[in-house]
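# Structural overview
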Amino acid sequence: MRESKLPESARVVVIGGGIIGCSIAYHLADMGCKEVVLLERDQLTSGTTWHAAGLMTTYGSSSETALNIRRYSRELYARLEAETGQQTGFAPVGFIELAADGDRLEEQRRIAAFNRFHGNEVIELSPGEIRDLFPLARVDDLRSGFYCPTDGRINPVDITMALARGARTKGATILQNTPVEDVIVRNGEVRGVRTEKGDIRCEYVVNCAGMWARQLGEQSGVCIPNQAAEHYYLITDNIPGMSKDLPILEDPSLYAYYREETGGLMIGLFEKDCA
């Protein structure tokens, strides 16, 4: 798609073309906000989004606000493909949170009760039932599992492209290969943004620059408590009998999650003391 010219002015400039920036542009345009411009330094999803794990889980929230945000996201991803014609990869394969000790079991039972109270279906599983749903799991050292059957997975790149297409359809302008050099501030108020291609006057700037957000904010004297950290995942070779309907499995005691990926497993690994 041919890019639009850099406009002289906008009401809102969103900086960053990952899934968060595109979501904000989509929702602003959907609410009727006129003159929304999103600026991406490279190509959409070229930052953190392209290698995100794609877990779409509502379970785990102990806040009503967070739970409702997660449920809204699930509903949005379920209808976005029909609305935009762009695939999203949304698959409600289910999600299982494991409890490997007594403290974790008590914590997860409280979270499960909170979720059920707010209408989220959560089923407590025995170790044997976990193995039935996820045959590759070792379950002899587990106390229980908590299963949310309507959770699942998405393709983060496809979702972002769908949000971008929807934002454009609703009137937003999206410009790629347009790095923002600075936010223009006068008398303590945002007046615009400076790019390699020229300035855009605007009333509001939304910083969605991901791992560069902190650096960008510092240029305007704004401290953004956002720190990039290393995180690894690996994808195995094909595993015989692997099903695309395998639920997502998460074990907080091992700082790890597991899900199907191209006929094998994606295994995400977190470190307590990361770089």
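Everything numeric in this text was worked out from a predicted model, so none of it was measured.

Cut-off values and rules
- Residues numbered from 1 in each chain as written.
- Predicted model: local features only at pLDDT ≥ 70, side-chain atom pairs only at ≥ 80, totals over all residues.
- Heavy atoms only, no water.
- Axes fitted to C-alpha atoms, helices over the stretch in contact; angles between N-to-C directions.
- Helix = DSSP H or I, 4+ residues; strand = E, 2+ residues; numbered from the N terminus.
- Parallel < 35°, antiparallel > 145°, perpendicular 65-115°, else oblique.
- Left-handed = near helix turned anticlockwise from the far one by under 90°.
- Contact = heavy atoms within 4.5 Å.
- Nonpolar A, V, L, I, M, F, W, Y, C, P; charged D, E, K, R; others polar.
- Core = buried A, V, L, I, M, F, W, Y, C linked by side-chain atoms within 4.5 Å.
- Buried < 20%, exposed > 50% of the residue type's maximum accessible area, 1.4 Å probe, protein only.
- Expected span 1.5 Å × (residues − 1).
- Bend = angle between axes of the 7 residues up to and from the residue.
- Polar contact = N/O pair within 3.5 Å; in protein donor to acceptor, adjacent residues only side chain to side chain.
- Pairing = 2+ DSSP bridges.
- 1 Å grid on protein atoms, 1.4 Å probe; cavity = no way out; pocket = protein on both sides within 12 Å on 5 of 7 lines; lining within 4 Å.
- Points joined across faces, edges and corners; volume = space filled by probe spheres on them.

Helix-helix packing: each pair is described by the crossing angle between the helix axes and the interaxial distance. Viewed as axis vectors pointing N to C, helix 2 (residues 64-84) and helix 5 (residues 156-169) meet at an angle of 55°, and their least axial separation amounts to 10 Å. Between helix 2 and helix 5, the interaxial angle falls into the category oblique. Handedness of the helix 2/helix 5 crossing: left-handed. Where helix 2 abuts helix 5, its residues Leu-76, Tyr-77, Leu-80 and Thr-84 lie against Ile-159, Ala-162, Leu-163, Arg-165 and Gly-166. When grouped by side-chain class, the residues that make up the contact of helix 2 with helix 5 number six nonpolar, two polar and one charged.

By size, the foremost hydrophobic cluster in this structure holds 24 residues, and its most contacted members are Val-36, Leu-38 and Leu-163. Of all the secondary structure elements, the ones that give two or more residues to this core are strand 1 (12-15), helix 1 (19-30), strand 2 (36-39), helix 2 and helix 5. Leu-163 has contacts with Ile-19, Cys-22, Ser-23, Tyr-26, Leu-76 and Leu-80, leaving out every residue within four places of it along the chain. With 16 residues, the next largest nonpolar core counts Phe-134, Leu-142, Leu-246 and Leu-265 among its residues.

The terminal C-alpha atoms of helix 2 lie 29 Å apart, and with 21 residues this matches the ideal 30 Å at 1.5 Å per residue to within 8%. Along its length, helix 2 shows its largest kink, about 30°, at Ala-78. Taken together, the buried positions of helix 2 are Leu-67, Arg-71, Ser-73, Arg-74, Leu-76, Tyr-77, Leu-80 and Thr-84. Buried-residue contacts for helix 2 involve helix 1, strand 3 (55-56), helix 3 (102-117), strand 6 (144-148) and helix 5. Two to three positions downstream of the cap, the backbone nitrogen of Thr-65 sits 3.3 Å from a side-chain oxygen, assigning the N-cap of helix 2 to Ser-63. A positive backbone phi angle near 80° is found at Gly-85, which sits one or two residues after helix 2.

This part is about the sheet that holds strand 2. As summarised here, the arrangement of the four strands in space is 8-2-1-12, forming an open sheet in which the pairing is parallel. Two strands in the sheet have a free side with no partner beyond their single neighbour: strand 8 (173-175) and strand 12 (204-207). When the angles between neighbouring strand axes are averaged without regard to direction, this sheet yields 20°. As paired strands, strand 2 and strand 8 are joined by three bridges and run parallel to one another. Bridge pairing in strand 8 links Leu-38 to Ile-174.

The space that makes up the largest pocket amounts to roughly 1,400 Å³. As for the largest pocket, its lining consists of 46 residues, and the residues nearest its centre are Ile-19, Ile-20, Thr-48, Thr-49 and Gly-210. Listing elements by their share of the lining of the largest pocket, those giving two or more residues are helix 1, strand 3, helix 2 and helix 6 (213-218). Classifying every residue of the lining of the largest pocket gives 24 nonpolar, 20 polar and two charged.

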